[in-house]
Amino acid sequence: MTDGENFGTAKERLRRRRYWTLMGLALAAALVIGLAGRVLGTPYGPIAPAAAIGLAAALLLLTVVGNWVYFRSIDELEVAANLIGGFWGFYAFILGWPLWHILWRGGLVPKPEMLPLYAGAGAVAVAGFLWKRFQ
Amino acid sequence: MRNRLKVLRAERDWSQAELGGRLGVSRQAVNAIETGKYDPSLPLAFKLARLFEMLIEDIFQDEGAAQ
């Protein structure tokens, strides 16, 4: 790549393409793992121990490797956005459970469940990321 | 923190994407720095200073400092 007039623009375009390719691959991997889990059994039904170990290992490996590659490809604003999103999501989860539990004990809400809490914490984390990234 | 990034960029007729590419950051990061929504790290500030051949304090001004 030469130091031409649009050197930076081309470099930024390449960086952006790499970023979205990575996002696409992560989404595809998540879909494959999700579909594999669905093919092996009903969402909350039992699956063979070997299949469970295989799926868990694949998810762990893809998350670790995917994050390693992801954090090498993003800039410092995106790192800061991830930090904010992670912080928000962490507190949504850590605080969400006892708050829900207290309200449940008061007879105000249904019994706490993990899945809505997990999904809620994820949504809060994404909201934090997007707020910092595109503010 | 105030900065002269937008002016310096305009003087060179660079877009935000062009400056971002030269710095190795996204267009959004350049925009966030220009609008004062994000303060760059020290390594990025040095990179900017090298790119514009200026001192960091000639690009960034601390609003709290005595004039």
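Residues numbered from 1 in each chain as written. Chains lettered and ligands numbered in written order. Predicted model: local features only at pLDDT ≥ 70, side-chain atom pairs only at ≥ 80, totals over all residues. Heavy atoms only, no water.

### Things to note about the overall build of chain B
Okay, step 1: Regarding its fold elements, chain B presents five helices and two strands.
Okay, step 2: The order of α-helices and β-strands along chain B, N terminus first, is β-α-α-α-α-α-β.
Okay, step 3: Over its C-alpha trace chain B gives a radius of gyration of 11 Å, about what one expects of a compact globule, namely 11 Å for 67 residues.
Okay, step 4: Along the longest, intermediate and shortest principal axes, the C-alpha atoms of chain B span 35 × 25 × 20 Å.
Okay, step 5: Within the span of chain B, comprising 67 residues, buried residues form 45% of the whole.
Okay, step 6: Considering only intrachain contacts with a sequence separation of at least 6, the fraction spanning at least 24 residues in chain B is 58%. (Helix = DSSP H or I, 4+ residues; strand = E, 2+ residues; numbered from the N terminus. Rg over C-alpha atoms; globule rule 2.2 N^0.38 Å. Buried < 20%, exposed > 50% of the residue type's maximum accessible area, 1.4 Å probe, protein only. Contact = heavy atoms within 4.5 Å.)

### Thoughts on helix 1 (residues 7–40) of chain A
Okay, step 1: The terminal C-alpha atoms of helix 1 of chain A, which comprises 34 residues, lie 50 Å apart, in line with the 50 Å expected from a rise of 1.5 Å per residue.
Okay, step 2: If you check which residues of helix 1 of chain A are buried, you get F7, G8, T9, E12, R15, Y19, L22, A29 and I33 of chain A.
Okay, step 3: Residues of helix 1 of chain A that are buried make contact with helix 2 (49–73), helix 3 (76–105) and helix 4 (114–134) of chain A together with helix 2 (16–23) and helix 3 (27–34) of chain B. (Expected span 1.5 Å × (residues − 1).)

### So, the packing of aromatic side chains
Residue and element names in this part refer to chain A.
Okay, step 1: Tallied over the entire structure, the rule returns seven aromatic pairs over all chains.
Okay, step 2: When the ring of F90 is compared with that of Y91, the centres are 5.3 Å apart and the planes differ by 90 degrees; the resulting orientation is edge-to-face.
Okay, step 3: Of the residues examined, Y91 reaches a relative accessible area of 42% and is grouped as partly exposed.
Okay, step 4: Within the aromatic cluster, the residues linked to one another by ring pairs are Y19, W20, Y70 and F71. (Phe/Tyr/Trp six-rings, centres within 6.5 Å; stacked < 30°, edge-to-face > 60°.)

### Examining the packing of helix 2 of chain B against helix 4 (residues 42–52) of chain B
All names here are of chain B.
Okay, step 1: Relative to each other, helix 2 and helix 4 sit at 110 degrees, their axes nearing to 10 Å. Of the possible angle classes, the one that applies to helix 2 and helix 4 is roughly perpendicular. For the pair formed by helix 2 and helix 4, the contact residues are L19, R22 and L23 on the first element and L44, K47, L48, L51 and F52 on the second.
Okay, step 2: In terms of residue class, the contact of helix 2 with helix 4 is made up of six nonpolar, no polar and two charged. (Axes fitted to C-alpha atoms, helices over the stretch in contact; angles between N-to-C directions. Parallel < 35°, antiparallel > 145°, perpendicular 65-115°, else oblique. Nonpolar A, V, L, I, M, F, W, Y, C, P; charged D, E, K, R; others polar.)

### Thoughts on the packing of helix 1 of chain A against helix 2 of chain B
Okay, step 1: Between helix 1 of chain A and helix 2 of chain B, the least distance of the axes is 6 Å, while the angle of their chain directions is 75 degrees. Judged on the interaxial angle alone, helix 2 of chain B and helix 1 of chain A are roughly perpendicular. Mapping the contact onto sequence places F7, G8, T9, K11 and E12 of chain A in helix 1 of chain A and A17, E18, G21 and R22 of chain B in helix 2 of chain B.
Okay, step 2: Here the residues of the contact of helix 1 of chain A with helix 2 of chain B are counted per class, giving two nonpolar, three polar and four charged.

### A few points about the layout of surface pockets
Residue and element names in this part refer to chain A.
Okay, step 1: Considered as a void within the structure, the largest pocket measures approximately 1,200 Å³ in volume.
Okay, step 2: M23, A26, N67, Y70 and N82 are the residues nearest the centre of the largest pocket, which is lined by 37 residues in total.
Okay, step 3: Those elements that provide at least two residues to the lining of the largest pocket are helix 1, helix 2, helix 3 and helix 4.
Okay, step 4: Here the residues of the lining of the largest pocket sort into 22 nonpolar, ten polar and five charged.
Okay, step 5: Of the residues that make up the lining of the largest pocket, three or more belong to each of domain 1 (1–74) and domain 2 (76–135).
Okay, step 6: Estimated volume of the second largest pocket: approximately 320 Å³.
Okay, step 7: Every residue along the wall of the second largest pocket is listed here: G34, G37, R38, G41, T42, P43, Y44, G45, I47, L59, L115 and Y118.
Okay, step 8: Counting only elements with at least two residues in the lining of the second largest pocket, the list comes to helix 1 and helix 4. (1 Å grid on protein atoms, 1.4 Å probe; cavity = no way out; pocket = protein on both sides within 12 Å on 5 of 7 lines; lining within 4 Å. Points joined across faces, edges and corners; volume = space filled by probe spheres on them. Domains from an automatic or database assignment.)

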